[in-house]
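# Structural description and commentary
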Amino acid sequence: MIAPQAAAGRPAGVARPRGLRRFTTPPAPRQERCELCGVPVIEGGHRHLVDTEKRALACACTPCALLFEQPGAAHGRFRTVPDRYLSDPDHRLDDGAWELLQIPVGVAFFFRNAALDRLVALYPSPAGATESELDPETWQTVLGTTRLAALLEPDVEALLMRRTQGRAECYLVPIDICYELVGRMRLLWQGFDGGAEARADLQAFFGHVEERATRTQERATRTQEKGQPR
């Protein structure tokens, strides 16, 4: 038997005996850290900010996210992404209106860029998020009829739409999940139409969005009912 000290300090040219394996500790998972203050982000405390200058998302801890919920914090450069999901089941969008959007796929999201003061339309593709610019008239024609348009917070929320089975679903969602969807589609996309795996993942994604929107609206209804005089 070879003593650990001898194995560790083996002279050069002496081969390792057969059957003796070197065991190493696997590297620990990378710890997510807040990109503003640098503290580790604990499970369940991971939030996102929009860096309006770089047009990018930044990871944040809960205290930093709460700080940048305040109007004017950091002169408006960082804005906390909200966590609300809303749906508009009464919104109707026919095929002709969808064609005005010039979106070649059945999914798109729209957000208002505050710095440019215009709406930006993006859709997932094998190459990532692809932009399709909209003029104000098209915006009013296609999306101005949904009650969610008036609630949309610039930069941090998006209107997420999907055309399926002859109708269009419309949701107001945090903008970070839209980029999550883009990443998932880019990873799973196969062939011309995305493939079966991408379609199944897309269906599950929208099922999650619908569930969150339902819970948000039910919670808001209960809050309103509690506040009403009896």
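Within any chain, residue numbers begin from 1 and follow the written order of that chain's sequence. Reporting in this predicted model follows two pLDDT cut-offs: at least 70 for local features of residues, and 80 or more for side-chain atom pairs to be given and counted; totals over whole chains, interfaces and linings ignore these cut-offs and use all residues. As a convention, hydrogens and water are excluded, and side-chain values are obtained from all of the structure's heavy atoms.

## A closer look at the sheet that holds strand 2 (residues 56-60)
As a reminder of what qualifies: Here, any two strands with at least 2 DSSP bridges between them count as paired. Strands here mean DSSP runs of E at least two residues long; helices mean DSSP runs of H or I at least four residues long; both are numbered from the N terminus. Convention adopted: a line fitted to C-alpha atoms gives each axis, helices being fitted over their contacting stretch, and angles between N-to-C directions are expressed from 0 to 180 degrees.
The sheet built from three strands is open, its strands ordered 2-1-3 with antiparallel pairing. The sheet is open, and its two edges are formed by strand 2 and strand 3 (78-80), each paired on a single side. Between one strand axis and the next, the sheet turns by 35° as a mean value, whatever way the strands run. Note: strand 1 (residues 47-51) against strand 2, five bridges, orientation antiparallel. Across the sheet, the residue bridging to arginine 47 is alanine 60, located in strand 2.

## What about the environment of valine 173?
Examined against the element boundaries, valine 173 turns out to sit in strand 9 (residues 167-174). Along the primary structure valine 173 and alanine 158 are separated by 15 residues, whereas in three dimensions their C-alpha atoms are 5.5 Å apart.

## Quick word on the layout of surface pockets
Keep this limit in mind: Only protein atoms enter the calculation, which uses a 1 Å grid: trapped sets of points that fit a 1.4 Å probe without letting it out are cavities, open sets showing protein on both sides within 12 Å along at least five of seven lines are pockets, and any residue with an atom within 4 Å of a point is a lining residue. Grid points are joined across faces, edges and corners, and a volume is the space filled by probe spheres set on the points. Residues are grouped as follows: Ala, Val, Leu, Ile, Met, Phe, Trp, Tyr, Cys and Pro are nonpolar; Asp, Glu, Lys and Arg are charged; all remaining types, including Gly, are polar.
When its volume is computed, the largest pocket comes out at roughly 300 Å³. Those elements giving two or more residues to the lining of the largest pocket turn out to be strand 8 (157-164) and helix 6 (195-227). Examining the composition of the lining of the largest pocket, we find that four residues originate from one element, helix 6, more than from any other. For the lining of the largest pocket, the residue count by class is seven nonpolar, three polar and four charged. As a volume, the second largest pocket reaches approximately 220 Å³. What lines the second largest pocket is a set of 13 residues, and nearest its centre among them are His48, Asp83, Tyr85, Asp176 and Ile177.

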